[in-house]
Every structure is written in C-alpha cells, then in structure tokens.
Amino acid sequence: MKAVILTKPTESTEVKITEYPTPAVKPGWVLVRIKAFGMNHSEQILRKSEISALYIQKPIIPGIECVGEIADASDTAFTVGQKVIALMGGMGREFNGSYAEYALLPAHHVFEIDTNLSWDRLATIPETYFTAWGSLFECLSLKSSDHLLIRGGTCALGYAAIQIAKALGCKVTATTHRERKMQLLVDCGADVALLDNGPLKGLVSGITKALELVGIKTLKSTLSCMEKGGIVCNTGNLGGVYTWNGFDPIKDIPKNTRHLGGVNC
C-alpha cells in the first residue's frame, strides 16, 4: 500500500508517499480501507518534534482519524464494506495511523456510521466534533445559560464549538488573532468576535465557561476573564507554547475558578 512514513522530525516539504506493507489482521483489530482523513495540529506537532520522543513507535504512519470501509473484520462484529469512522486511541503514535491506503485499528475505536455524506465531507467530522463535544460537555458541563469564551475560535475545533454552543442556546464570545477572520466568527454564529492581540480582561464580562485553544500562551489571560465559579478547559495548544514555567496554581488560577485539561479520546 501507499503510506506516509515518519522516522524523525520532518518538514512538510520533506513528507513523501512510499510503499509499505499492508497490515495483517489480528484478533480484536479490523483492517480499514481509508477513503479520507482529517489533518490535525496534533499531527503537525508529531511531525515537527514529538516524533523524537521515546514513546512514539518508529517508523510510524501518522494520522489520528479516518473514514472508510471495513476491508477485513477479523473476529469482530463488523462486516466487510461497512462505512466506519475511527479516531484516537493511539492512532499515529502507539500504532500506525491513517496517512495510508489501509489502517489496522483496534475495534473499540472504530464506529459504524450511516450517512450519505461524501467521504471528504465525512472526514471533517470525527476528531473535530468529538473533541468539541467532549470539551464542552464532559469538561465544561456547558448549559444554555452559560456565556462561553472560545480562545482561538477560527481553528476547526473552534468553529465546531461555536456551532454546538449556539445550538444549545449559549451566548458565545470567540477570538482570533487575524483581523481578516473576524467576520468568519460572526458568520459561524458567535455573538461577539474579538481581535486577540493582548489581555482580554476588561474587554469581556459575564464569562462563565471558556474553551482555551491557544493554550499556555493565553491561558493566564483567559483565567483572569472568568466570573466567580467559572471553568476553563484547555484543549488546544495553537500558540506553540507547551510548558508554563513558573506556574503557581495558587496565584495564577483565580479564586473560585477551575482549570481542566482537554479531552483525550
């Protein structure tokens, strides 16, 4: 089969499609013929730096999600030809992922789906909407009465979160650091669009829940915007800062505010 193989930090211009053995099935796993897959910031992190970590299997086929058909059901309840989606569970890190024509995947992270969507449209849904749903409801316990702040609203996850929150009836304030994308936030449903070029404290009010997608770079600012009892869910790291040196949870997390880690599928 054709696949993308990574063994070391790799620039996008160096990514190549090569021949690789089609995986053999084993109990509890299914072989999926991949029709399309989403591309995620997580895979960029893997390609540029995380590939050097000892816990990453190498060589590795990246890709944390896909849509396709069952090519070999092994000993599972799936049948050949079923439309499925698959995501996370170690894809593209602990075992080979979706940047290939076929992927051998654990059955418990593969889901049958009934849809008339084209493969390319279907591929935009799994990881993005699953993560948005988990962040909003499992972490933030979002309710229709909440005023939600989405920091980094013009990424795919941000757009999905806006749509879900507005469908629930929430008020949504979303940010972007690109002025040309302000209207996109409004078109997506945000009640308020803010240009994110500095601290937000004093520019927003009434924020009860926040989805932090920029990450450590803006987290302290986001925490400072919260109403008493507010909750911040840090799901993304688009800002490119991955550790918070000098973090003091007593001082940096405001009184009566909760900070939660993001959703892992």
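The structure reproduced in this document is the subject of the present report. Everything numeric here is computed off the predicted structure, so don't read it as measured data.

### As for the packing of aromatic side chains
Next, step 1: Overall, the coordinates contain three aromatic pairs when judged by the stated rule.
Next, step 2: On the numbers, 5.1 Å between centres and 80 degrees between planes, the contact of Trp 29 with Phe 95 is edge-to-face. Of this pair, Trp 29 sits in strand E3 (residues 29-36) while Phe 95 sits in the loop between strand E5 (83-87) and strand E6 (102-106), and the two are 66 residues apart along the sequence.
Next, step 3: What makes Phe 95 buried here is its relative accessible area of 11%.
Next, step 4: Seen from their ring centres, Trp 133 and Phe 137 are 4.4 Å apart, and the 50 degrees between their planes marks the pair as tilted. Residue Trp 133 and its partner Phe 137 are located together in helix H3 (residues 126-139), separated by four residues, close to a single helical turn.
Next, step 5: The class for Phe 137 is partly exposed, based on a relative accessible area of 23%.
Next, step 6: Stacked on the ring of Trp 29, the Lys or Arg Lys 26 has its end atom at 4.1 Å from the ring centre.
Next, step 7: Over the face of the ring belonging to Trp 119 we find Lys 83, whose NZ or CZ atom lies 5.4 Å from the ring centre.

### A few points about helix H4 (residues 156-168)
Next, step 1: The end-to-end C-alpha distance of H4 is 19 Å, a good match for the 18 Å that 13 residues give at a rise of 1.5 Å each.
Next, step 2: Every buried residue of H4 is listed here: Leu 157, Gly 158, Ala 160, Ala 161, Ile 162, Ile 164 and Ala 165.
Next, step 3: For H4, the secondary structure elements touched by its buried residues are H3, strand E8 (147-151), strand E9 (171-176), helix H5 (182-188) and strand E11 (207-212).
Next, step 4: Downstream of H4 by one or two residues, Gly 169 has phi in the positive range, about 110 degrees.

### Focus: the sheet that holds strand E4 (residues 65-72)
Next, step 1: In space, the five strands of this open sheet follow the order E6-E3-E4-E5-E7, with antiparallel pairing throughout. The outermost strands of the open sheet, each flanked by one partner alone, are E6 and strand E7 (110-112). With strand direction ignored, the average angle separating the axes of adjacent strands in the sheet is 45 degrees.
Next, step 2: Docked against the sheet, H3 engages E4 and E5, running at close to 60 degrees with respect to E5.

Cut-offs applied
Residues numbered from 1 in each chain as written. Predicted model: local features only at pLDDT ≥ 70, side-chain atom pairs only at ≥ 80, totals over all residues. Heavy atoms only, no water. Phe/Tyr/Trp six-rings, centres within 6.5 Å; stacked < 30°, edge-to-face > 60°. Helix = DSSP H or I, 4+ residues; strand = E, 2+ residues; numbered from the N terminus. Buried < 20%, exposed > 50% of the residue type's maximum accessible area, 1.4 Å probe, protein only. Lys NZ or Arg CZ within 6 Å of the ring centre and 35° of its normal. Expected span 1.5 Å × (residues − 1). Contact = heavy atoms within 4.5 Å. Pairing = 2+ DSSP bridges. Axes fitted to C-alpha atoms, helices over the stretch in contact; angles between N-to-C directions.

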